[in-house]
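Here is how the chains run, residue by residue.
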Amino acid sequence: MDPPEFDNHMIGNVITPSWFSAIEKGFKEQAETGPLTAHPVTGCRMVITDGASHAVDSSELAFKIAGKGAFRQAVENANPIILQPVMTVELTAPEE
């Protein structure tokens, strides 16, 4: 299973570089408990292309929450499905 990936494709410093670790942390924390079954979401990637920060309102917590919210919104818009394992089972039971 591929762990979630995080890529920064922003040009310039629209978001202060120190906030990217908070965004990544929020994204990866949210991916640990998926929206359908609370199991980890694998094989996904978050790519940041644009954003904004504010000198007064920006904080590590705010960007962590934003990363979580962006992940939830993206997963909801993707219409996820649960992939169930397919396997053969052989049962042996005593005769009565």
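Refer to the preceding data block for the structure.
Presented here is a report on the structure given in the accompanying data block. (Residues numbered from 1 in each chain as written. Predicted model: local features only at pLDDT ≥ 70, side-chain atom pairs only at ≥ 80, totals over all residues. Heavy atoms only, no water.)

**Describing the overall build of the chain**
Here is step 1: From N to C terminus, the chain includes two helices and two strands.
Here is step 2: From first element to last, N terminus to C terminus, the chain shows the α and β order β-α-β-α.
Here is step 3: The C-alpha radius of gyration of the chain comes to 19 Å, more than 25% above the 12 Å expected for a compact globule of 96 residues.
Here is step 4: Counting only C-alpha atoms and orienting by the principal axes, one finds that the chain spans roughly 75 × 20 × 20 Å.
Here is step 5: Looking at the chain as a whole, 21% of its 96 residues qualify as buried.
Here is step 6: Carbon and sulfur atoms form 54% of the exposed surface of the chain, whose accessible area is close to 7500 Å². (Helix = DSSP H or I, 4+ residues; strand = E, 2+ residues; numbered from the N terminus. Rg over C-alpha atoms; globule rule 2.2 N^0.38 Å. Buried < 20%, exposed > 50% of the residue type's maximum accessible area, 1.4 Å probe, protein only. Areas by Shrake-Rupley, 256 points an atom, 1.4 Å probe, with all protein chains shown as cover.)

**What about the environment of Thr42?**
Here is step 1: Mapped onto the secondary structure, Thr42 falls in the loop between helix 1 (20–32) and strand 2 (45–48).
Here is step 2: Taking the C-alpha atoms as reference points, Thr42 and Gly67, 25 residues apart in sequence, are found 16 Å from one another.

**Some details on the packing of helix 1 against helix 2 (residues 60–77)**
Here is step 1: Packing of helix 1 against helix 2 brings their axes to within 7 Å, and their N-to-C directions diverge by 45°. The angle between helix 1 and helix 2 falls in the class oblique. The way helix 1 lies across helix 2 gives a crossing that is right-handed. Residues Ala22, Ile23, Lys25, Gly26, Phe27, Glu29, Gln30 and Ala31 of helix 1 form the contact with helix 2, whose participating residues are Glu60, Phe63, Lys64, Gly67, Lys68, Phe71 and Arg72. (Axes fitted to C-alpha atoms, helices over the stretch in contact; angles between N-to-C directions. Parallel < 35°, antiparallel > 145°, perpendicular 65-115°, else oblique. Left-handed = near helix turned anticlockwise from the far one by under 90°. Contact = heavy atoms within 4.5 Å.)

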